[in-house]
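Close look at the chain arrangement
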Amino acid sequence: MNELKKNTPGPDYAHLLAEVKERVRSAQYAALKAVNTELVGLYWDIGRMIVERQDAEGWGRAVVESLAADIQAEFPGVSGFSSSNLWRMKGFFETYQGVEKLALLVREIGWSHNIVIMERCSDPLEREFYIRMTRKFGWSKNVLIHQIGNQSYEKSLLGQTNFDQALTPKLRAQAKLAVKDEYTFDFLELGEEHSERELERALIVRIEDFLRAMGGMFAFMGSQYRLEIDGKEFFIDLLLFHRRLRCLVAIELKVGEFQPEFVGKMQFYLTALDRQVRQEDENPSIGIVLCKEKSRTIVEYALHNSRKPIGVATYEITRTLPRELKGQLPQPEEIAALLEGMEK
């Protein structure tokens, strides 16, 4: 009987198993990250060698075609050395060779992610934004493509929030880059005229697309999330959880124009969430008021003295890219400071 007890897992076994699983996953991730860093470093070096030889020897395009064929003959079955990929390696090195900060950052995301950013973004700060966001929030290649297509760079930098006064410096930059100025829900089958309830139901039906449009690091907690305060019921339209920021995110849907009183209502919800729902190890809850339209000046006034972290954004059912807002982006040094703040 005693021998049987010795061979039977005790009550702490589940905890042991969970710890071992987490350690295995951590080791797997570290191994994958190391392999990726080495692979991107390899491609960087090949691109550098091609550029240096072409500059020194005056070699033309044919050398890349020959190099691709000879490498594949030497390493049969090893992918990644086609002539088109060698040209990408050359372009990769040429793009980042004079930008020391980005030359280091590119090794921290996947090669396919790097190619997407290199080929679809032309501005160095825009490239830095997507590199950092991919690394920080673990965007997949498809999420990255979606974010670039929806101009997350511009929309994040133009975002209207009160995070500067409502969040600690440690969270401020991450939160500002996680909440955009405009969201595109082009996956919804809704007419131009729709109710808030119709919008909410449509988003829930396409919840995966909705979370992807929000940024890819959100988990769905519920719709019409019920709060009971002093015997009365209150309902938050949508409640999400941001996995990297580790905070609850309350979303209020408004099909009309932003009104200043929306901020007061959101502050009330955030206070209730922080007191009744938030866990001890979680950061303060954040609110997003999602409207069909907004006056940037009215939003600025409404958020000026609010104490809870709130962002006000708009949404579009059809894709309309705000290229005209490029001139309203912060100065390059301000953008660089914000991106550096993601490290804190």
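All chains use their own residue numbering, which begins from 1 and follows the written sequence. Restriction of local features to residues with pLDDT of at least 70 applies here, the model being predicted, together with a cutoff of 80 or more for giving and counting side-chain atom pairs; totals for whole chains, interfaces and linings are based on all residues. As a convention, hydrogens and water are excluded, and side-chain values are obtained from all of the structure's heavy atoms.

Moving on, we come to the overall build of the protein. In DSSP terms, a helix is any run of H or I states spanning at least four residues, a strand is any run of E spanning at least two, and both are numbered starting from the N terminus. Along its length, the protein carries 16 helices and seven strands. Projected onto its principal axes, the C-alpha positions of the protein cover 80 × 80 × 40 Å. Contacts: residue pairs with any heavy atoms within 4.5 Å of one another. Looking at the protein alone, contacts between residues at least 24 apart form 66% of all its contacts between residues at least 6 apart. His is not counted here, nor are the chain ends, while Lys and Arg score as positive and Asp and Glu score as negative. The atom standing in for a charge is NZ when the residue is Lys, CZ when it is Arg, CG when it is Asp and CD when it is Glu. Distance between charge centroids for the protein: 4 Å, based on 46 positive and 51 negative side chains.

Before going further, it helps to examine the packing of aromatic side chains. What characterises a pair of aromatic rings is the spacing of the ring centres plus the angle enclosed by the ring planes. Between rings of Phe, Tyr and Trp, where Trp is taken as its six-membered ring, a pair exists when centres lie within 6.5 Å; planes separated by under 30 degrees are stacked, by over 60 edge-to-face, and by other angles tilted. For the structure shown, the criterion picks out 15 aromatic pairs. With a centroid separation of 5.5 Å and an interplanar angle of 75 degrees, the aromatic rings of Phe 92 and Tyr 96 are classed as edge-to-face. With a gap of four residues between them, Phe 92 and Tyr 96 both fall in helix α4 (residues 83–96), about one helical turn apart. With a relative accessible area of 1%, Tyr 96 lands in the buried category. Three or more aromatic residues joined by ring pairs form one cluster here, namely Tyr 43, Trp 44, Phe 81, Phe 92, Phe 93, Tyr 96 and Trp 111. Cation placement over rings: the criterion is NZ of Lys or CZ of Arg within 6 Å of the ring centroid and within 35° of the ring normal. Sitting above the plane of the Phe 262 ring, Lys 254 keeps its charged end 4.8 Å from the centroid. Throughout this description, buried means an accessible area under 20% of the type-specific maximum (1.4 Å probe, protein chains only), exposed means over 50%, and partly exposed covers the range between.

Attention now moves to the environment of Pro 260. In this fold, Pro 260 is placed in the loop between β5 (247–257) and α14 (261–276). Classification of Pro 260 by relative accessible area gives partly exposed; the value is 40%. Between the C-alpha atom of Pro 260 and that of Leu 303, which follows or precedes it by 43 residues, the distance is 8.3 Å. Apart from residues lying up to four places away in sequence, Pro 260 is in contact with Ile 298 and Ala 302.

On to the layout of surface pockets. Here the term cavity refers to a set of points on a 1 Å grid, laid over the protein atoms alone, in which a 1.4 Å probe fits but cannot get out; the term pocket refers to an open set having protein on both sides within 12 Å along at least five of seven lines, with lining residues being those that place an atom within 4 Å of a point. Grid points are joined across faces, edges and corners, and a volume is the space filled by probe spheres set on the points. In this structure, the largest pocket encloses a volume near 660 Å³. Taken together, 26 residues make up the lining of the largest pocket; nearest its centre are Leu 157, Gly 159, Asp 164, Lys 176 and Pro 330. Those elements giving two or more residues to the lining of the largest pocket turn out to be α9 (152–157), β1 (160–161), α10 (163–166), α11 (169–178), α15 (296–303) and α16 (332–340). Here the term charged refers only to Asp, Glu, Lys and Arg, the term nonpolar to Ala, Val, Leu, Ile, Met, Phe, Trp, Tyr, Cys and Pro, and the term polar to all other amino acids, Gly among them. In terms of residue class, the lining of the largest pocket is built from 10 nonpolar, nine polar and seven charged.

Another aspect to go through is the nonpolar core. The criterion is simple. A nonpolar core is a set of buried Ala, Val, Leu, Ile, Met, Phe, Trp, Tyr and Cys residues joined through side-chain atoms within 4.5 Å. With 77 residues, the main nonpolar core has Tyr 96, Tyr 130, Phe 185, Leu 203, Phe 210 and Ile 251 as its most contacted residues. Delimitation of the domains relies on an automatic or database domain assignment. Both domains that furnish three or more residues to this core are identified here as domain 1 (21–150) and domain 2 (159–316). Within the second largest apolar cluster, 22 residues are counted, among which are Val 289, Val 299, Leu 303 and Ile 310.

Before going further, it helps to spend a moment on the side chain of Ser 156. Counting through the fold element by element, Ser 156 comes out in helix α9. Residue contacts for Ser 156: discarding those within four places in its chain leaves Phe 129, Lys 176, Leu 177, Val 179, Lys 180 and Asp 181.

On to helix α7 (residues 124–137), then. Between its first and last C-alpha atoms α7 spans 20 Å; for 14 residues at 1.5 Å apiece the expected length is 20 Å, and the two agree. The buried count for α7 comes to 12 of 14 residues, which makes it a mostly enclosed element. Turning to α7, its buried residues number three or more, namely Leu 125, Glu 126, Arg 127, Glu 128, Phe 129, Tyr 130, Ile 131, Arg 132, Met 133, Thr 134, Lys 136 and Phe 137. At the N-terminal end of α7, a side-chain oxygen is found 3.0 Å from the backbone nitrogen of Leu 125, two or three residues along, and the residue is Asp 123. Among the residues trailing α7, Gly 138 stands out with phi positive, at a value near 65 degrees. Given a helix with a known number of residues, its expected span is that number minus one, times 1.5 Å. Under the rule applied, a polar contact is a pair of N or O atoms within 3.5 Å (in protein, one hydrogen donor and one hydrogen acceptor; residues adjacent in sequence only if both atoms are side-chain atoms).

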